[in-house]
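Here are the chains, one letter per residue:
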Amino acid sequence: MKKLSKKQFTSFVRKVPKAEIHIHIEAVITLKSVKKLYAKRFGKEMSPEEEKSLFAYNDLKGFIDSFLKIQDMFIDVSDFDFVFEDFGKYLVNNGIKYCEAFFAPSAFVKKGFDYKAMVENFSKNIEKIKKEKGITIKLLTDVSRTFGLENAQANYAMFKECPNENIIGIGLGGNEAKGPCNLFGPVFEKARADGFHAVAHAGEDVGPESVWDAVKILGAERIGHGISSIQDESLMDYLREKQIPIECCPTSNIFTKKYVHKMEDHPIRAFFDKGLLVTVNTDDPVFFKTTLIDELYAVYTKLNFTEDEIKALIINSFKASFLSESEKKAFIDSVEESWKAISDIPSKA
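Reference entry: report on the structure contained in this document.

Basis of the calculations
- Residues numbered from 1 in each chain as written.
- Predicted model: local features only at pLDDT ≥ 70, side-chain atom pairs only at ≥ 80, totals over all residues.
- Heavy atoms only, no water.
- Helix = DSSP H or I, 4+ residues; strand = E, 2+ residues; numbered from the N terminus.
- Buried < 20%, exposed > 50% of the residue type's maximum accessible area, 1.4 Å probe, protein only.
- Pairing = 2+ DSSP bridges.
- Axes fitted to C-alpha atoms, helices over the stretch in contact; angles between N-to-C directions.
- Contact = heavy atoms within 4.5 Å.
- Salt bridge = Lys/Arg side-chain N within 4 Å of Asp/Glu carboxyl O.
- Core = buried A, V, L, I, M, F, W, Y, C linked by side-chain atoms within 4.5 Å.
- Right-handed = clockwise from strand over helix to strand, strands pointing away.
- Disulfide = S-S within 2.5 Å.
- Expected span 1.5 Å × (residues − 1).
- Arc of directions from axis to C-beta.
- Parallel < 35°, antiparallel > 145°, perpendicular 65-115°, else oblique.
- Left-handed = near helix turned anticlockwise from the far one by under 90°.
- Nonpolar A, V, L, I, M, F, W, Y, C, P; charged D, E, K, R; others polar.

1. Regarding the environment of Glu150
Then comes step 1: Within the fold, Glu150 resides in helix H8 (residues 149-161).
Then comes step 2: A sequence separation of 34 residues divides Glu150 from Phe184, and the C-alpha atoms of the two residues are 9.3 Å apart.

Given below as structure tokens:
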């Protein structure tokens, strides 16, 4: 069957309700807003050379360094208004109705930001997006492996001291090689005992042993990236049997160049064919110049996913979310209904 053009695919898929469950809020901010933050922080315009340098990286460490540079441009809590204004537009443009996103507090707390004030700002903006755009956002606090166990414990303590219905659990992101999953067991054990959700980036920059540690030691309910799982058949069998979701971020993995150098080699195709619960996500849209629709189109064209398999990937993101079972069913039903309503794709797109 002839593949849809990018225009046809985008027109069609944008109308289908979607979820995204692996995205970092600081990396949804647009370049325009980054330049505003820069001017506010340094009292001058960002030069073309500085802009180019900011987005010049060829591995995970380089990307994290750039991520931290953008975080450093924030000078007060109100700067997050820029983030959520761009976030809302991104969600609307991609037809995303539900999103679970990461927030990394470490760099901001080190700058002197008040965690409670940040949470209050987030809630204000999340409620505004829900009221104005009908989109639900939930956050996961990234306790961060980059700065060590003590910092992660401090982040969790702040998280627990400031309960909020919009922040539903913790995640582990950052430099995977520097901060292996097995160091953070105490934080995750406490979070799970306290009734919070727990997810972890693993298998992005380290082998399958990192994924094993994430599920066995951390008790992670989902795996962020997880691409090195392809190296271990027993691990893939385990993930399939337990239906532990993998949050695949194809373009991100190509940019960081650890295990994947081109889209055609991404293991999401093999994961899907083996029956793993895989989802498609962007990770950091502004850094990787992508959107959720772009990611879906990439796997559609480069990895030969059919239209029905694209629908399955969209449904998987709702299945893998932390929505209640009734909420999942309602969203999945809406996907099926919208898909059926525009099922004659070429003529409707």
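There is more to say after this.
2. What about the side chain of Thr251?
Then comes step 1: One can find Thr251 in helix H12 (residues 250-256).
Then comes step 2: Taking relative accessible area as the criterion, Thr251 reaches 14% and is therefore assigned buried.

3. Some remarks on the sheet that holds strand E6 (residues 223-225)
Then comes step 1: If you walk across this open sheet you meet the eight strands as E1-E2-E3-E4-E5-E6-E7-E8, and the pairing is parallel. For this open sheet the edge positions go to strand E1 (18-20) and strand E8 (278-280), each flanked by a neighbour on one side alone. Neighbouring strand axes in the sheet, compared pairwise and without regard to direction, differ in orientation by 25° on average.
Then comes step 2: In terms of strand pairing, strand E3 (residues 136-142) meets strand E4 (residues 167-172) through four bridges, oriented parallel. Looking across to E4, one finds that Asp142 is bridged to Gly171.
Then comes step 3: Here helix H5 (residues 80-93) sits on the sheet in contact with E1, strand E2 (96-103) and E3, set at roughly 145° to E2.
Then comes step 4: Across the face of the sheet, helix H7 (residues 115-133) comes into contact with E2, E3 and E4 while running at roughly 160° to E3.

4. So, the pattern of salt bridges
Then comes step 1: Counted according to the given criterion, the structure contains 18 salt bridges.
Then comes step 2: Between Arg240 and Asp237 there is a salt bridge; the shortest N-O distance is 3.1 Å. Of this pair, Arg240 and Asp237 are both found in helix H11 (residues 233-242), three residues apart, which corresponds to roughly one turn of the helix.
Then comes step 3: Among the residues examined, Arg240 registers a relative accessible area of 30% and is labelled partly exposed.

5. Let's talk about the environment of Ser338
Then comes step 1: Note on placement: Ser338 falls in helix H17 (residues 325-341).
Then comes step 2: A residue is classified by how much of its surface remains accessible, and Ser338, at 15% relative accessible area, is buried.
Then comes step 3: The sequence separation of Ser338 and Ala39 amounts to 299 residues, and the corresponding C-alpha distance is 43 Å.

6. Thoughts on the nonpolar core
Then comes step 1: By size, the foremost hydrophobic cluster in this structure holds 111 residues, and its most contacted members are Phe80, Phe87, Phe287 and Ile310.
Then comes step 2: Residue contributions to this core peak at seven residues, all from helix H15 (residues 292-302).
Then comes step 3: Discounting residues that sit within four places of it in the chain, Phe80 has contacts with Phe74, Phe103, Phe108, Phe113, Met118, Asn121, Phe122 and Asn125.
Then comes step 4: With five residues, the next largest nonpolar core counts Phe102, Leu140, Ile168 and Val199 among its residues.

7. Remarks on the pairing of E3
Then comes step 1: Most of E3 is tucked away, with seven of its seven residues classed as buried.
Then comes step 2: The two faces of E3 match: Thr136, Lys138, Leu140 and Asp142 on one face and Ile137, Leu139 and Thr141 on the other face are all buried.
Then comes step 3: Here E2 pairs with E3 via six bridges, running parallel. Its bridge partner being in E3, Ala101 is matched across the sheet by Leu139.
Then comes step 4: Note on the crossover from E3 through H8 to E4: the handedness is right-handed.

8. A short note on the state of the cysteines
Then comes step 1: Tallying each qualifying case throughout the model produces zero disulfides.
Then comes step 2: The thiol of Cys248 is unpaired, and the distance to the nearest cysteine sulfur, on Cys249, comes to 7.3 Å.

9. Focus on H8
Then comes step 1: End to end, H8 covers 18 Å across 13 residues, agreeing with the expected 18 Å (1.5 Å per residue, within 8%).
Then comes step 2: If you check which residues of H8 are buried, you get Asn151, Ala152, Asn155, Tyr156, Met158 and Phe159. In an axial view of H8, the angular spread of the buried residues amounts to 160°, which keeps them on one side of the axis. Among the exposed residues of H8, those oriented more than 90 degrees off its buried face are Glu150 and Glu161.

10. Observations concerning the packing of helix H1 (residues 6-14) against H15
Then comes step 1: For the pair H1 and H15, interaxial distance at closest approach is 10 Å and the crossing angle is 125°. One way to sum up the angle between H1 and H15 is to call them oblique. The two elements H1 and H15 meet at a crossing, and its hand is right-handed. Here H1 contributes Lys6, Phe9, Thr10, Val13 and Arg14 to the contact with H15, which in turn contributes Ile293, Asp294, Leu296, Tyr297 and Tyr300.
Then comes step 2: Taken together, the residues that form the contact of H1 with H15 break down as six nonpolar, one polar and three charged.

11. What to know about unusual backbone geometry
Then comes step 1: One non-glycine residue, His225, lies in positive phi territory at about 80°.
Then comes step 2: Mapped onto the elements, His225 comes out in strand E6.
Then comes step 3: With a relative accessible area of 0%, His225 lands in the buried category.
Then comes step 4: Non-glycine residue Lys289 carries a positive phi angle of around 50°.
Then comes step 5: Examined against the element boundaries, Lys289 turns out to sit in the loop between helix H14 (285-288) and H15.

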